[in-house]
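What the coordinates show
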Amino acid sequence: MKSLDDLKKIRDAAQKKVSMRGKNDGTRILVGMATCGISAGARPVMNKFVEELSNRSLDSVTVTPVGCIGECAIEPIVEVLEGEKRTTYCRVDVRVAERIVKEHIVGGKVVQDYVIGKFRI
Amino acid sequence: MIERAHVLICSGSMCVSRGAKTLHDEFEEHLTRLGIRDEIKLVNTGCVGLCEQGPFVIVYPEGVFYALVKNKDIKTICEEHLFKGRLVEKLVFDETLTENKDIIAFDEIKFYSKQTRIALRNCGLINPDDIEEYIARDGYRGLGKALLEMTPLEVIEEMLASGLRGRGGGGFPTGLKWKFAYNNKNDQKYIICNADEGDPGAFMDRALLEGDPHSVLEGLMIGGYAIGANKGFIYVRIEYPTAIEKLKTAISQAKELGLLGNNIFGSGFDFDIEIRLGAGAFVCGEETALIASIEGGRGMSRNKPPFPAAKGLWGKPTIINNVETLANIPAILFDGAEKFAKIGTERSKGTKVFSLGGNIMNAGLVEVPMGTTLREVIYEIGGGIPKNKMLKAVQTGGPSGGAIPESMMDMKIEYETLIEAGSMMGSGGMVIIDEDSCMVDICRFYLDFTVEESCGKCTPCREGTKKMLEMLEIISSGEGTLADIDRLEKLAKTVKSSSLCGLGQAAPNPILSMLEHFRPEFESHVVEKVCPGGVCKPLIHFEILDGCIGCTKCATNCPVDCISGSIKQLHSIDTSACIKCGVCKNICPVDAIITI
């Protein structure tokens, strides 16, 4: 340890590792992870969310696996909860997950193409 | 891979003794089986504090607090919560569940919301075996500030301004102590961490060392810099194997990062820390005895002056600080003395950690601002007395302190107020005594301890404690007289004023304080030959009341078969054969057995 800057570097890197352990009142991303969701590929999607959020240091956003959301035909389903506002996405793959983080979470603009209701099979 | 959830497993000694040790392996097994092992981070933390409800598992990001977790529950937590994202409601600590089944953050429940955590700021939140987690919580920044931006004298001034006083019990201002050592010029000085926690019922230091060892190391280094010592010792009893292990890991990690060693932060300051193990003698918590023990001698105290700050370890100026004191120091340096001094009262600044024990619902580790009342600690944080019994007294300071009666529960906790009440702050053991306890018996318990722990060097302590214990035994056997109580009081005062060190000087405190507040209870032992608490065996007998439902449980479990009665009929006890073991009373489902 040669200087205070060295310590700060370690601290900044390490903070990512523990930032989850605090109050998380921010946005929540719920990934439908019932059997149907998992078989439709929800697990890599969830991991993609975690990775994208971490890369962008979006510490207040949490990712939670949840049970069956009900529309098994259009899994994987992902919900974004911002306070009272709920946006439900369907047929989410890793590419869409990246878009949701980039356009919705960061940009504040819902990814219309994959919102339930707008989605056309 | 970046983890999406952190699972914190409390690995404080209390939780480990309640079965937490195997939880980690169990998680490994089930997470691996479910194929989600690398998505979840498992962290063994230090004591979470609410020991009564342990072992604990806390799952982030939700902050769900699972209590009383057993091995078999891990499968459910993994499958339901971590795999499917469903709460395992039956395991959630009920105080964190609202009526609508919403989870409230566990730091909002009563046990935590009344607390202010400075010394315990990281306990239960970080992995004590990972220095990076400590650094992430601004660890070692206080040290950096001290070494690079402040002179040793400025550090001392900062400590004085904070008003921090020794948390080992004495309450001597830490800054002032450091100043003495600073002013004693010498080519070699030492700083020692006193981790020889010995009071029965006290486990604050152990929890701190196990849960956040780096905060103690950092405090020790800051102290070393302030007084001009480049060598620190941690004197810890061998009865604390986990704490020792965590300390060793912490020291080697700090060395690896260059936070211990030569030229720390490029400041030119060198520091080294060595662990010294004590055999677990109570007297070695006393400064001069502790020094003798480190030097390799027998743990015996000596006369002061010279004080260790002038002539201590190997004749060199030495500062000895308690674990909790040291854990406060990095926070004071980093956040500034002013912030610390705002907490607490005029005379006692900051917070104090207490280990709550005895007849209390939420036994565990709590940290409260000075000036909190005893009633708040017992009823709001501690959750009150089990079975709705009446509170009788609180013993603070362990065998060196005294009992504070129920009538004084609204007293603010400060060094001075506790002394005025005939007790002392002590290192932080707080034993709650309910109406079913006998004060004579409690005195006897503490004296039994001090007799055992007296080093034997000075006569008042060696002989006095023994004689006091004998007198208490006479009183509790019902063979004493009022004159015995007077003699006991006189001897207690003599031992208090004439013993060599703190052990003997404080040993009579339980007797003196209980005589002051509970004298009638002593008197009824010798005059009416009655033990009001129903504890002293020679003075009590057991009786079965009409409420008996005839379940025969007492008769079946009596080790001497002195209970008779047929099923669904009132039972009775043959008192001549009864050995007063109390098994029947404890086992009775309708509380129909009483002591008289």
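Remember, predicted model here, so these are calculated numbers, not experimental data. (Residues numbered from 1 in each chain as written. Chains lettered and ligands numbered in written order. Predicted model: local features only at pLDDT ≥ 70, side-chain atom pairs only at ≥ 80, totals over all residues.)

Within chain A one finds 4 helices and 4 strands. Order of helices (α) and strands (β) in chain A, N terminus to C terminus: α-β-α-α-β-β-β-α. For chain A, the spread of C-alpha atoms along the principal axes amounts to about 60 × 30 × 25 Å. When burial is assessed residue by residue, chain A has 38% of its 121 residues classed as buried. In chain A, the proportion of contacts linking residues at least 24 apart, taken out of those at least 6 apart, comes to 64%. (Helix = DSSP H or I, 4+ residues; strand = E, 2+ residues; numbered from the N terminus. Buried ≥ 20, exposed ≤ 12 C-beta atoms within 10 Å, placed from the backbone. Contact = placed C-beta atoms within 7 Å.)

Regarding its fold elements, chain B presents 23 helices and 18 strands. Since a compact globule built from 596 residues should have a radius of gyration of about 25 Å, the 26 Å found for chain B is in line with a globular shape. Taken over the C-alpha atoms alone, chain B extends approximately 80 × 65 × 40 Å along its principal axes. For chain B, contacts bridging at least 24 residues in sequence account for 72% of all contacts bridging at least 6. (Rg over C-alpha atoms; globule rule 2.2 N^0.38 Å.)

Residue and element names in this part refer to chain B. Looking at the secondary structure, you find Gly-169 in the loop between helix 7 (152-162) and helix 8 (174-183). Judged by the 25 C-beta atoms lying within 10 Å of it, Gly-169 falls in the buried class. Along the sequence, Gly-169 and Met-424 sit 255 residues apart, while their C-alpha atoms lie 7.3 Å from each other. With residues near it in sequence (within four places) discarded, Gly-169 still touches Gly-397, Met-424, Met-425, Gly-426 and Ser-427.

All names here are of chain B. Buried within helix 8 are the following residues: Thr-174, Gly-175, Lys-177, Trp-178, Ala-181 and Tyr-182. In an axial view of helix 8, the angular spread of the buried residues amounts to 160 degrees, which keeps them on one side of the axis. On its buried face, helix 8 sits against helix 7, helix 10 (213-227), strand 9 (318-322) and helix 13 (323-335). (Arc of directions from axis to C-beta.)

We now examine the pairing of strand 8 (residues 269-278) of chain B. All names here are of chain B. Summarising the sheet, strand 6 (residues 231-237) and strand 8 pair through 7 bridges and their orientation is parallel. The residue bridging Ile-234 from the neighbouring strand is Ile-275, located in strand 8. The pairing of strand 7 (residues 261-264) with strand 8 spans 2 bridges and is antiparallel. Residue Gly-261 lies in a different strand from strand 8, and its bridge partner there is Phe-271. (Pairing = 2+ DSSP bridges.)

So, about the domain arrangement of chain B. Accessible area lost upon the coming together of the parts serves often as the stated size of an interface. Residue and element names in this part refer to chain B. Domains assigned within chain B are domain 1 (5-113), domain 2 (131-341), domain 3 (351-434), domain 4 (439-526) and domain 5 (541-595). Averaged C-alpha coordinates put domain 3 and domain 4 at centres separated by 22 Å. Every contact between the two is made by 10 residues of domain 3 and, on the other side, 14 residues of domain 4. If one sorts the elements of the side of domain 3 that touches domain 4 by residue count, strand 13 (residues 402-405) sits on top with 3 residues. Split by residue class, the side of domain 3 that touches domain 4 holds 5 nonpolar, 5 polar and no charged. (Domains from an automatic or database assignment. Nonpolar A, V, L, I, M, F, W, Y, C, P; charged D, E, K, R; others polar.)

Residue and element names in this part refer to chain B. With respect to topology, 5 strands assemble into an open sheet ordered 7-8-6-5-9, the strand pairing being mixed. Each having just a single partner strand, strand 7 and strand 9 make up the two edges of the open sheet. Looking at each pair of strands side by side, their axes are set apart by 25 degrees on average, direction ignored. (Axes fitted to C-alpha atoms, helices over the stretch in contact; angles between N-to-C directions.)

This brings us to the nonpolar core. Core analysis: the largest hydrophobic core is formed by 184 residues, its most contacted members being Phe-56, Val-57, Tyr-66, Leu-208 and Ile-432 of chain B. When residues in this core are grouped by element, the largest group, 8 residues, is from helix 10 of chain B. Excluding its chain neighbours within four sequence positions, the residues that come into contact with Phe-56 of chain B are Cys-10, Cys-15, Val-48, Phe-65, Tyr-66, Ala-67 and Val-69 of chain B. Within the second largest apolar cluster, 27 residues are counted, among which are Val-45, Val-66, Val-80 and Ile-105 of chain A. (Core = buried A, V, L, I, M, F, W, Y, C linked by C-beta atoms within 7 Å.)

Taken together, the 28 residues of chain A in the interface contact 29 residues of chain B. Contributing elements (two or more residues each) for the side of chain A that touches chain B: helix 1 (4-18), helix 3 (42-55) and strand 2 (62-66) of chain A. At 8 residues, helix 1 of chain A tops the list of elements feeding residues into the side of chain A that touches chain B. Looking at the side of chain A that touches chain B, its residues break down into 14 nonpolar, 8 polar and 6 charged.

Here the focus is the packing of helix 7 of chain B against helix 10 of chain B. Residues and elements named next belong to chain B. At a minimum axis distance of 7 Å, the contact between helix 7 and helix 10 shows a crossing angle of 120 degrees. Judged by the angle between their axes, helix 7 and helix 10 are oblique. In terms of crossing hand, the pair formed by helix 7 and helix 10 is left-handed. Residue-level contacts link Pro-152, Val-155 and Ile-156 of helix 7 to Ile-222, Tyr-225 and Ala-226 of helix 10. Of the residues belonging to the contact of helix 7 with helix 10, the class tally is 6 nonpolar, no polar and no charged. (Parallel < 35°, antiparallel > 145°, perpendicular 65-115°, else oblique. Left-handed = near helix turned anticlockwise from the far one by under 90°.)

This brings us to unusual backbone geometry. Residue and element names in this part refer to chain B. At the junction of Tyr-60 and Pro-61, the peptide bond is cis and its omega measures out at 10 degrees in the coordinates. Tracing the sequence through the fold places Pro-61 in the loop between strand 3 (57-60) and strand 4 (64-66). The step from Lys-304 to Pro-305 runs through a cis peptide bond, and the omega angle for that step is -5 degrees. Inspection of the secondary structure assignment puts Pro-305 in the loop between helix 12 (287-294) and strand 9. Located in the positive-phi region is Tyr-140, a residue other than glycine, with phi close to 65 degrees. Positionally, Tyr-140 belongs in the loop between helix 5 (131-136) and helix 6 (141-149). Phi is positive for Phe-265, close to 55 degrees, though the residue is something other than glycine. If you trace the backbone, Phe-265 turns up in the loop between strand 7 and strand 8.

Residues and elements named next belong to chain B. Structurally, Glu-39 is set in the loop between helix 2 (23-34) and strand 2 (40-45). Among the residues examined, Glu-39 registers 21 C-beta atoms within 10 Å and is labelled buried. Considering only alpha carbons, one finds Glu-39 and Leu-120, 81 residues apart in sequence, at a separation of 29 Å.

Next up on the list: the confidence of the model for chain B. For chain B, the mean per-residue pLDDT works out to 93, and 100% of the residues sit at or above 70. In the predicted assembly, ipTM is 0.79 and pTM is 0.89. (pLDDT = per-residue confidence, 0-100.)

So, about the pairing of strand 3 of chain B. If a strand is regular, its side chains alternate between the two faces of the sheet. Residue and element names in this part refer to chain B. Side chains of strand 3 alternate between two faces, with Val-57 and Val-59 and Ile-58 and Tyr-60 buried alike. Pairing between strand 1 (residues 5-10) and strand 3: 4 bridges, direction antiparallel. Its bridge partner being in strand 3, Ile-9 is matched across the sheet by Val-57. Two successive antiparallel strands, strand 3 and strand 4, enclose a turn made up of 3 residues, where Gly-63 displays a positive phi of approximately 75 degrees.

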